[in-house]
Each structure stands twice: as structure tokens, then as C-alpha cells.
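# Secondary and tertiary structure notes
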Amino acid sequence: MKRPEPVQVIKQRRDAALTALVSGVPYMQYLGVRFDRRGDELTAILPFDDKLIGNPMLPALHGGVTAAFLEVTAVVTLSWSYLWEDIESGALEFDGDAPQLPRLPKTVDFSVDYLRSGLPRDGYARATINRAGRRYASVHVEGWQDNRARLFAQATGHFVMPGRR
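Quick summary incoming for the structure in this document. Only a predicted model underlies this, so the values are computations on that prediction, with no experimental measurement involved.

With that out of the way, let us pick up the overall build of the protein chain. The helix and strand tally for the protein chain stands at three helices and eight strands. What you see in the protein chain, going N to C, is helices and strands ordered as α-α-β-β-β-β-α-β-β-β-β. Taking 15 Å as the expected radius of gyration for a compact globule of 165 residues, we find that the protein chain reaches 17 Å, a close match to that expectation. Viewed in the frame of its principal axes, the protein chain has a C-alpha envelope of about 65 × 30 × 30 Å. Residues counted as buried form 40% of the 165 residues belonging to the protein chain. Across the protein chain, every contact between residues at least 6 apart in sequence was considered, and the portion connecting residues at least 24 apart equals 62%. For the protein chain, the accessible surface area stands at approximately 9,600 Å², while carbon and sulfur atoms represent 49% of it. A gap of 4 Å separates the mean positions of the 21 positive and 19 negative side-chain charges of the protein chain.

The next point concerns the packing of aromatic side chains. Applying the stated criterion across every chain yields a total of four aromatic pairs. Here the aromatic rings of Tyr-27 and Tyr-30 are separated by 5.9 Å at their centres, their planes lie at 20 degrees, and the arrangement is stacked. Here Tyr-30 and Tyr-27 lie together in helix 2 (residues 26–31), a separation of three residues that amounts to about one turn. By relative accessible area, Tyr-27 is classed as partly exposed at 38%. For the cation-ring pair, Lys-51 lies above Tyr-30, with the distance from its terminal atom to the ring centre recorded as 4.0 Å.

Before going further, it helps to spend a moment on the pattern of salt bridges. Scanning the model with the defined rule gives six salt bridges in all. The partner of Arg-37 in a salt bridge is Asp-15, and the shortest N-O contact between them spans 2.9 Å. Of this pair, Arg-37 sits in strand 1 (residues 34–38) while Asp-15 is found in helix 1 (residues 7–23), placing the two residues 22 residues apart along the sequence. Residue Arg-37 is classed as buried on the basis of its relative accessible area of 13%. As a salt-bridge pair, Glu-41 and Arg-126 come within 4.0 Å of each other at their nearest N and O atoms.

Turning to the packing of helix 1 against helix 3 (residues 63–89), a few remarks are in order. Direction vectors running N to C along helix 1 and helix 3 enclose 145 degrees, while the axes themselves pass 11 Å from each other. Considering the relative orientation of helix 1 and helix 3, their crossing is right-handed. Between helix 1 and helix 3, the contacting residues are Ile-10, Arg-13, Arg-14, Ala-17, Leu-18 and Leu-21 on the first element and Val-76, Ser-79, Trp-80, Leu-83, Trp-84, Ile-87 and Glu-88 on the second. The residue makeup of the contact of helix 1 with helix 3, split by class, is nine nonpolar, one polar and three charged.

Turning to the pairing of strand 1, a few remarks are in order. Judged by which residues are buried, strand 1 turns out to be one-sided: Phe-35 and Arg-37 face inward and are buried, whereas Arg-34, Asp-36 and Arg-38, on the alternate face, are not. Pairing of strand 1 with strand 2 (residues 41–46), which is carried by five bridges, proceeds in the antiparallel orientation. Within strand 2, the position partnered with Arg-34 by the bridge is Ile-45. Remark: two residues form the turn of the hairpin made by strand 1 and strand 2, two consecutive strands paired antiparallel; Gly-39 in that turn has positive phi of roughly 65 degrees.

Looking now at unusual backbone geometry. The omega angle of the peptide bond from Leu-58 to Pro-59 is -20 degrees, so this bond is cis rather than trans. Counting through the fold element by element, Pro-59 comes out in the loop between strand 3 (53–55) and strand 4 (60–61).

Thresholds applied
Residues numbered from 1 in each chain as written. Predicted model: local features only at pLDDT ≥ 70, side-chain atom pairs only at ≥ 80, totals over all residues. Heavy atoms only, no water. Helix = DSSP H or I, 4+ residues; strand = E, 2+ residues; numbered from the N terminus. Rg over C-alpha atoms; globule rule 2.2 N^0.38 Å. Buried < 20%, exposed > 50% of the residue type's maximum accessible area, 1.4 Å probe, protein only. Contact = heavy atoms within 4.5 Å. Areas by Shrake-Rupley, 256 points an atom, 1.4 Å probe, with all protein chains shown as cover. Lys, Arg positive; Asp, Glu negative; His and termini not counted. Charge placed at Lys NZ, Arg CZ, Asp CG, Glu CD. Phe/Tyr/Trp six-rings, centres within 6.5 Å; stacked < 30°, edge-to-face > 60°. Lys NZ or Arg CZ within 6 Å of the ring centre and 35° of its normal. Salt bridge = Lys/Arg side-chain N within 4 Å of Asp/Glu carboxyl O. Axes fitted to C-alpha atoms, helices over the stretch in contact; angles between N-to-C directions. Left-handed = near helix turned anticlockwise from the far one by under 90°. Nonpolar A, V, L, I, M, F, W, Y, C, P; charged D, E, K, R; others polar. Pairing = 2+ DSSP bridges.

Purely spatial values, then, with no claim about function.
Structure follows, in C-alpha cells:
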């Protein structure tokens, strides 16, 4: 019987996979988006920065920033789910400088509902995968700031899944 891996090794592999996913999208780095991981659940974090303001009179987050934040949350969550078994088994290696991750899902459409102005503070988002097949996926994303029950935006997107190697 094979001995289970130490939990630290598994956590390091998960963290390396998540870092590789996030670093693969330069716009996420520009926005400062990062992810908090608890087991297989991801929460995206958009740290507030003055450059994210679209209307300085209110002030309010730019709608494009809000949409991009929700979309990258959907793509990373979908990729995370898609890669989970390979991450857990150790089939994906992240030792080198440029790990070879499979391609990201491609957005077919993405519809955002702006529920209230995004305030000049940190934003959070979580995605729920409604359907994920071999070729197609549907994802719902909710974004909030101070109170999870008071969403400032939500979105639904459809994606073409990358082919398996």
C-alpha cells in the first residue's frame, strides 16, 4: 500500500498550481487580483487601488474592471476545477520557472449584472460551475465588497473547454 503524501507537499503543489494559473494572465497581475484557497474552494480578491476608479465623482470602480475581475474569477475557478485531479495526483509539475499548464478555457459569452456601484475598497468574488463537460462549461460568479449578502455585481459566462492532452 502506498504511503500518503505529507500535507505540506500537497499544499505546496496546490499553491504552485494556483500561482501558475494566476501568473498566466498578465491583466490579473495589473489589476492585482489574487486568490485565497481553502481546500478546493477559491475566493478571488481585488485589492483596491486608485487606478481602478472609473468615476472619480462618486467614486466608483470602473465597470470594465468589475467585469474583468468577475471573468478572471470564472476562468481561474473553471481551470482549477478542470486541473484538480492532475494537481492532486502530482501529474502536473511546477518545479521549473515556466510550468506547462494546459490552455485556459475560452470565453464564448459573458453577461454582467451591475447591481450597485463598486465602492473604493477591496472586492471579493466566487464562481460556481453550473455545468462543466468535456467541451463546454457554464459558470456563475458573484462579487461583493463588505458584505457577502450585498452583491455589487454578478455574471454568467459560457466557455469552451480546452482539449485534454
